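Listed here are the chains, written in short residue letters.
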Amino acid sequence: NAGVTQTPKFQVLKTGQSMTLQCAQDMNHEYMSWYRQDPGMGLRLIHYSVGAGITDQGEVPNGYNVSRSTTEDFPLRLLSAAPSQTSVYFCASSYGDSSTDTQYFGPGTRLTVL
Amino acid sequence: GQSLEQPSEVTAVEGAIVQMNCTYQTSGFYGLSWYQQHDGGAPTFLSYNALDGLEETGRFSSFLSRSDSYGYLLLQELQMKDSASYFCAVKISSGSARQLTFGSGTQLTVLP
């Protein structure tokens with residue numbers, strides 16, 4: 001199993017550009033989520049999905065869109081990049097949302113917006 | 001809302017024992033988790049407490065007191081490779097599913 005994979009690993013954007021961060025998992029997990037991590041801080045939830053076709057907002061959803069057309073993939077779209085979106089983005093998945101379900105994180109995408 | 005408080009930094013020497021605390025304020029509490037993150041890496045799961053008491057996994061132990069809204073992670077026989085950030089996280093119910101909310105993390109530095 002590859003686990004949770006993310007592409008790209010690094011990305012530099014100019015203000016106003018749009019892009020999609022890719023996330024895929026091969027563990028047949030229903031629950032997937034996107035977090036951002038700013039320097040010296042914890043992870044903040046952007047969006048999450050409890051299964052194909054179902055998404056919901058987390059703590060910091062503004063400026064981001066998600067969709068979940070398959071169980072495996074959960075892309076994150078930046079609509080119009082802003083310098084405040086410079087961060088490290090982590091995708092995570094778990095079997096469910098129960099407290100005992102361990103979240104598995106991808107390696108992250110390091111995004112810089114100029 | 002919910003909040004988690006962790007000390008920002010802890011330093012200890014190789015072979016010692018270190019305790020990292022976490023206090024939380026949240027509604028709909030389902031349990032306290034701990035994650036480890038090395039510099040430049042992804043968070044990885046360490047332990048989980050749903051009930052009061054101590055859970056032990058090798059050199060790592062985690063404790064929870066629900067009445068005090070408090071938990072800690074205990075690392076024994078510290079090794080250099082334990083230098084990392086340690087995050088506590090609580091699972092809360094919001095929206096269509098339960099979500100993990102993370103503290104800001106404790107940076108552990110292990111000295112030789």
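Residues numbered from 1 in each chain as written. Chains lettered and ligands numbered in written order. Predicted model: local features only at pLDDT ≥ 70, side-chain atom pairs only at ≥ 80, totals over all residues. Heavy atoms only, no water.

A. Up close: the nonpolar core. Ranked by size, the top nonpolar core spans 23 residues in total, and within it B:Leu32, B:Leu73, B:Leu75, B:Tyr86 and B:Leu108 carry the most contacts. Only strand E2 (9–13), strand E3 (18–25), strand E4 (32–37), strand E7 (60–65), strand E8 (70–75), strand E9 (84–94) and strand E11 (106–111) of chain B provide two or more residues apiece to this core. Considering each element in turn, this core owes the most residues, five residues, to E9(B). Not counting residues up to four positions away in its chain, the partners in contact with B:Leu108 are B:Val10, B:Val18, B:Met20, B:Leu75, B:Leu78, B:Asp82, B:Ser83, B:Ala84 and B:Tyr86. If you look at the next biggest cluster of nonpolar residues, it comprises 19 residues, including A:Leu13, A:Ile46, A:Phe74 and A:Val113. (Core = buried A, V, L, I, M, F, W, Y, C linked by side-chain atoms within 4.5 Å. Buried < 20%, exposed > 50% of the residue type's maximum accessible area, 1.4 Å probe, protein only. Helix = DSSP H or I, 4+ residues; strand = E, 2+ residues; numbered from the N terminus. Contact = heavy atoms within 4.5 Å.)

B. Region of the structure containing the pairing of strand E6 (residues 53–57) of chain B. Residue and element names in this part refer to chain B. Note that E6 and E7 share five bridges and pair antiparallel. Residue pairing for E7: Gly53 is matched across the bridge by Leu64. Connecting E6 to the antiparallel partner E7 that follows it, the hairpin turn spans two residues, and Gly58 within it adopts a positive phi of roughly 65°. (Pairing = 2+ DSSP bridges.)

C. Main features of the pattern of salt bridges. Following the criterion strictly, the structure yields three salt bridges over all chains and no others. Residues A:Arg44 and A:Asp38 are paired through a salt bridge, measuring 2.6 Å at the closest nitrogen-oxygen approach. For A:Arg44, a relative accessible area of 24% gives the class partly exposed. Taking relative accessible area as the criterion, A:Asp38 reaches 12% and is therefore assigned buried. Its salt-bridge partner being B:Arg59, residue B:Asp82 comes within 2.8 Å of it at the nearest N-O pair. Remark: B:Arg59 occurs in the loop between E6 and E7 and B:Asp82 occurs in the loop between E8 and E9; sequence separation between them is 23 residues. With respect to class, B:Asp82 is no different from B:Arg59; both count as buried. A single salt-bridge network, built from bridges that share partners, covers A:Arg36, A:Asp38 and A:Arg44. (Salt bridge = Lys/Arg side-chain N within 4 Å of Asp/Glu carboxyl O.)

D. Molecular detail of the environment of A:Ser93. Residue and element names in this part refer to chain A. Tracing the backbone shows Ser93 in strand E9 (residues 87–94). Expressed as a C-alpha distance, the spacing of Ser93 and Ala24, which sit 69 residues apart in the sequence, is 9.1 Å. Sequence-distant contacts of Ser93, that is, excluding residues within four places in its chain, are made with Val4, Gln25, Met27, His29, Tyr31, Met32, Thr102, Gln103 and Tyr104. Of the polar contacts made by the side chain of Ser93, one reaches the side chain of His29; its length is 2.8 Å. (Polar contact = N/O pair within 3.5 Å; in protein donor to acceptor, adjacent residues only side chain to side chain.)

E. Quick look at unusual backbone geometry. With omega at -5°, the peptide bond leading from A:Thr7 into A:Pro8 counts as cis. Within the secondary structure, A:Pro8 is located in the loop between strand E1 (4–7) and strand E2 (10–13). Even without glycine at this site, B:Ser69 takes up a positive phi of about 50°. With respect to the helices, strands and loops of the structure, B:Ser69 is situated in the loop between E7 and E8. When its relative accessible area of 23% is taken as the criterion, B:Ser69 is described as partly exposed.

F. Quick peek at the interface of chain A and chain B. Counting from both sides, the interface comprises 25 residues of chain A and, opposite them, 22 residues of chain B. Buried area between chain A and chain B, summed over both chains or domains, comes out near 1,800 Å², and the portion from carbon and sulfur atoms is 51%. Here chain A is connected to chain B by zero salt bridges. Joining chain A to chain B, the criterion identifies four residue pairs in polar contact (both at pLDDT 80 or more). Breaking the side of chain A that touches chain B down by element, the ones donating at least two residues are strand E4 (31–37), strand E5 (43–51) and strand E6 (54–57) of chain A. Considering every element that reaches the side of chain A that touches chain B, the biggest residue donor is E5(A), with four residues. A class-by-class count of the residues in the side of chain A that touches chain B yields ten nonpolar, eleven polar and four charged. (Buried area = accessible area lost by both parts, 1.4 Å probe. Nonpolar A, V, L, I, M, F, W, Y, C, P; charged D, E, K, R; others polar.)

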